[in-house]
Amino acid sequence: HIILALDLSSSFQKFLEEYFANKISESQLIKKLKNINHSFDTLTIIELINWAKTNNTKTFVIGCDYNLFMKVLTKGLSALSKDELSKLPEIDFFNPSYKNYLYSLYKSSTNLQKFNFGNFYQAQILKRENLAENIKKLLETFKNYQIIIITEKDLTIPKWGISQYLQKRNITNFETIIFNFEN
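Everything numeric in this text was worked out from a predicted model, so none of it was measured.

K.L.:
For this particular structure, what's the right way to read the overall build of the chain?
P.N.:
When its secondary structure is counted, the chain shows eight helices and three strands. From first element to last, N terminus to C terminus, the chain shows the α and β order β-α-α-α-β-α-α-α-α-β-α. Here the C-alpha radius of gyration of the chain, 17 Å, is about what a compact globule of 183 residues would show, namely 16 Å. With the C-alpha coordinates aligned to their principal axes, the bounding extent of the chain is approximately 45 × 40 × 35 Å. Buried residues in the chain amount to 43% of all 183 residues. Pairs at least 24 apart in sequence give 74% of the contacts found in the chain among residues at least 6 apart.

Here it is in structure tokens:
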């Protein structure tokens, strides 16, 4: 019993379901995947999805909604509606070492400096908390399954990666495996 969980925008789930139901082709799925913002090699993700489809493996998208992430990135959490705020997981912003790390990235990137640092920090924490909460929900729903999570390398860093956010939710039985898809 295995579940493949992809850290992609939640908007991609419907396309994934359509592909598994043979309602859209692989080329259509690739086009949809290229239209969402992600940090993965598209062909690698497609290979994983095809493996899951061939092996009848349950596959879910567990990432933060891209539009919500961008709204927080550009305007901050205070710009969210009451409805949007009610759907957020519990968020803990106290992580000085992660904040310092992000600030060093922020200061060294003119691209990131287009955004307010406070909003940038909030968006990054939201992404991690949301991912951990979605993993928790999958584990609660599929108690007898192992979940393989495909996420970006930055989220595997012990001090501020997804493991910290899972442990906060009393999820401690997991392993982190870092694949090198670049070769």
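K.L.:
Teacher, can you tell me more about the pattern of salt bridges here?
P.N.:
Inspection of every chain in the model, using the stated rule, returns eight salt bridges. With a closest N to O distance of 2.8 Å, Lys-127 and Glu-152 form a salt bridge. In this pair, Lys-127 is assigned in helix 7 (residues 117-141) and Glu-152 in the loop between strand 3 (146-150) and helix 8 (162-168), connecting sequence segments 25 residues apart. We note that Lys-127, like Glu-152, is buried. Through salt bridges that share partners, Glu-129, Glu-133, Lys-168 and Arg-169 make up one connected network.

K.L.:
Just to check I follow, could you spell out the sheet that holds strand 3 for this structure?
P.N.:
Sheet strands line up and pair through hydrogen bonds in the backbone, either parallel or antiparallel. What the three strands build is an open sheet, ordered 2-1-3; its pairing is parallel. Each of the sheet's edge strands pairs with one partner strand only, and the pair in question is strand 2 (58-61) and strand 3. On average, each strand axis in the sheet is inclined to that of its neighbour by 20°, with strand direction left out of account. As judged from the four bridges shared by strand 1 (residues 2-6) and strand 2, these two strands associate in the parallel manner.

K.L.:
Could you clarify how one ought to interpret unusual backbone geometry in this entry?
P.N.:
Negative phi characterises most residues that are not glycine, and trans characterises most peptide bonds. Notably, Asn-56 is not glycine yet its phi reads approximately 50°, a positive angle. Secondary-structure assignment places Asn-56 in the loop between helix 3 (42-54) and strand 2. Residue class for Asn-56 comes out exposed when judged on its relative accessible area of 71%. The backbone of Asn-170 shows a phi angle near 60°, a positive value even though the residue is not glycine. Within the secondary structure layout, Asn-170 lies in the segment after helix 8. A relative accessible area of 70% places Asn-170 in the exposed class.

K.L.:
Just checking my understanding: could you explain the environment of Lys-99 for this structure?
P.N.:
Inspection of the secondary structure assignment puts Lys-99 in helix 6 (residues 96-107). Each C-alpha atom, one on Lys-99 and one on Lys-114, is 18 Å from the other, the two residues being 15 residues apart in sequence. In this view, Lys-99 contacts Phe-117 and Tyr-121; residues no more than four positions away in its chain are not counted.

K.L.:
What am I meant to see in the nonpolar core here?
P.N.:
The nonpolar side chains of a soluble globular protein tend to be buried, and buried together. Ranked by size, the top nonpolar core spans 32 residues in total, and within it Tyr-98 and Ile-162 carry the most contacts. Going through the elements one at a time, strand 1, helix 4 (66-75), helix 6, helix 7 and helix 8 are the ones with two or more residues in this core. At ten residues, the largest contribution of residues to this core is made by helix 7. With residues up to four places along the chain from it excluded, the contact list for Tyr-98 reads Tyr-121, Gln-124, Ile-125, Arg-128, Asp-154, Trp-160 and Tyr-165.

K.L.:
Where do I start with the side chain of Asp-7 in this structure?
P.N.:
Residue position: Asp-7 is located in the loop between strand 1 and helix 1 (13-20). Lys-127 provides the closest opposite charge to the buried, salt-bridge-free Asp-7, at an N-O distance of 5.1 Å. Asp-7 has contacts with Phe-40, Ile-62, Gly-63, Lys-127, Leu-131, Ile-150, Thr-151, Glu-152 and Leu-155, leaving out every residue within four places of it along the chain.

Calculation rules
Residues numbered from 1 in each chain as written. Predicted model: local features only at pLDDT ≥ 70, side-chain atom pairs only at ≥ 80, totals over all residues. Heavy atoms only, no water. Helix = DSSP H or I, 4+ residues; strand = E, 2+ residues; numbered from the N terminus. Rg over C-alpha atoms; globule rule 2.2 N^0.38 Å. Buried < 20%, exposed > 50% of the residue type's maximum accessible area, 1.4 Å probe, protein only. Contact = heavy atoms within 4.5 Å. Salt bridge = Lys/Arg side-chain N within 4 Å of Asp/Glu carboxyl O. Pairing = 2+ DSSP bridges. Axes fitted to C-alpha atoms, helices over the stretch in contact; angles between N-to-C directions. Core = buried A, V, L, I, M, F, W, Y, C linked by side-chain atoms within 4.5 Å. Lys, Arg positive; Asp, Glu negative; His and termini not counted.

Geometric descriptors of this kind do not, in isolation, establish any biological role.
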